[in-house]
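Coordinate analysis (summary)
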Amino acid sequence: QYCWGSHTMKQLNTVVVNSLFADGCFCAVLWASPQDGSVPQHAAAYLDAPPMWWTQLCDTAALPDMIYRVEKSEAKYVFDLSELDPYHVGQGLFTMMHVAIHAGIPVHQVDHVVTHTGGKTVLDCSSLALGLEGHPKDSLPHTIKALKEYGNQSSTSLFFAFDNLVKSGNVREGDMGNFVTMGPGLGLEMALWTAGPRFPPRHTLKNVPMENPKLRSGSGLPNPPSAIHQPELRDDVVVSKPSVQWLQDTLLADMSDSDEDPHNKELEAFEEENEDEDQHEWHDPVEIPAEIRT
């Protein structure tokens, strides 16, 4: 029941609850078939959401933090939210992701995620539970945009965020997306979808012709090498004849003494000195007494 008396209007919880649950927002898509039985030509669909990709969860663990009581000043039933509720949302969505993956629903392969606008803490917990990388402003930009422009529009907020996604131009036919909503009450819902023909087709890689430049005379590079031995087949014998070896026609730079590394010369001189020392006979400078020698 809507409460906005002189006492309740001063409570922040009343403001939050009224903005989320007392606005009576809903959304419905209806279509009536023609009386004559003819099927009209429909516009191309935005998406395809098969029922086997829908999941829902009633988070009973959040019951103690969703309070339903009587407001005596107005003699009405009121509903209060706890500051722990956003964390219940994150816990519930994490459980749904776990169940969906084990059920074969590829929620971990989506290209786009659109969620209920909720609020800052709700989106922080939701993005983490859904396995999205980065801050919600980066992982849920279209939901954040809807929250900034229109606030929390209750159950219809999902379509404000989806409208931002459609207008972004980043969706291609065949892309996979995920709708995530909260409510009513303890409920959490998730629906996987694929983008329909209403969106432009995906870009495809086209073969780009690449020129294969040939070596020209005078370019400073040798001619391409040919086989060193090219067998010549005859009727009764295979004879190998040497072909022209292109390496023989390539001049190599002469290594002069000036090109040698001076460090190598020092190393060679050091090795020669060590060889001379090894050839000398070793003499002990200390004279050993005769009794010790015997």
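Residues numbered from 1 in each chain as written. Predicted model: local features only at pLDDT ≥ 70, side-chain atom pairs only at ≥ 80, totals over all residues. Heavy atoms only, no water.

Notes on the packing of aromatic side chains
Both the distance between ring centres and the angle between the ring planes are used here to describe each pair of aromatic rings. For clarity, the threshold we go by: In this scheme Phe, Tyr and Trp rings, the latter by its six-membered ring, pair at centre separations within 6.5 Å, and the angle between planes marks the pair as stacked below 30 degrees, edge-to-face above 60, and tilted otherwise. Put simply, DSSP H or I for four residues or longer makes a helix, DSSP E for two residues or longer makes a strand, and each gets a number counted from the N terminus. For every residue, the accessible area (1.4 Å probe, protein chains only) is compared with the maximum for its type, and the residue is labelled buried under 20%, exposed over 50%, or partly exposed between those bounds.
For the structure on display, the rule yields 7 aromatic pairs. Each ring, one from Phe162 and one from Trp193, has its centre 5.9 Å from the other, and the planes form 85°; the classification is edge-to-face. Note that Phe162 is positioned in helix α6 (residues 157-168) and Trp193 in strand β7 (residues 187-195), a separation of 31 residues in sequence. Relative accessible area serves as the criterion here: at 11%, Phe162 is assigned to the buried category. Taken together, a centroid distance of 5.3 Å and an interplanar angle of 35° make the contact between Phe179 and Trp193 tilted. Of this pair, Phe179 sits in strand β6 (residues 176-182) while Trp193 sits in strand β7, and the two are 14 residues apart along the sequence. Neither Phe179 nor Trp193 differs from the other in exposure class; each is buried.

So, the packing of helix α5 (residues 141-150) against α6
Selection criterion: Orientation is described by lines fitted to C-alpha atoms, with helices fitted over the stretch in contact, and by angles between N-to-C directions that extend from 0 to 180 degrees. When an angle is under 35 degrees it counts as roughly parallel; over 145 it counts as roughly antiparallel; between 65 and 115 it counts as roughly perpendicular; any other value is oblique. Here a crossing is called left-handed whenever its near helix is offset anticlockwise from the far helix by less than a right angle, and right-handed whenever the offset is clockwise. By definition, residues are in contact when any of their heavy atoms lie within 4.5 Å. Think of it as three bins: nonpolar holds Ala, Val, Leu, Ile, Met, Phe, Trp, Tyr, Cys and Pro, charged holds Asp, Glu, Lys and Arg, and polar takes everything else, Gly as well.
Where α5 meets α6, the closest approach of the two axes is 8 Å, and the angle between their N-to-C directions is 120°. Taken together, the axes of α5 and α6 are oblique relative to one another. Read as a crossing pair, α5 and α6 show a hand that is right-handed. Contact residues: α5 offers His142, Thr143, Lys145, Ala146 and Tyr150, while α6 offers Phe160, Ala161, Asn164, Leu165 and Ser168. Across the contact of α5 with α6, the residue classes tally to 5 nonpolar, 4 polar and 1 charged.

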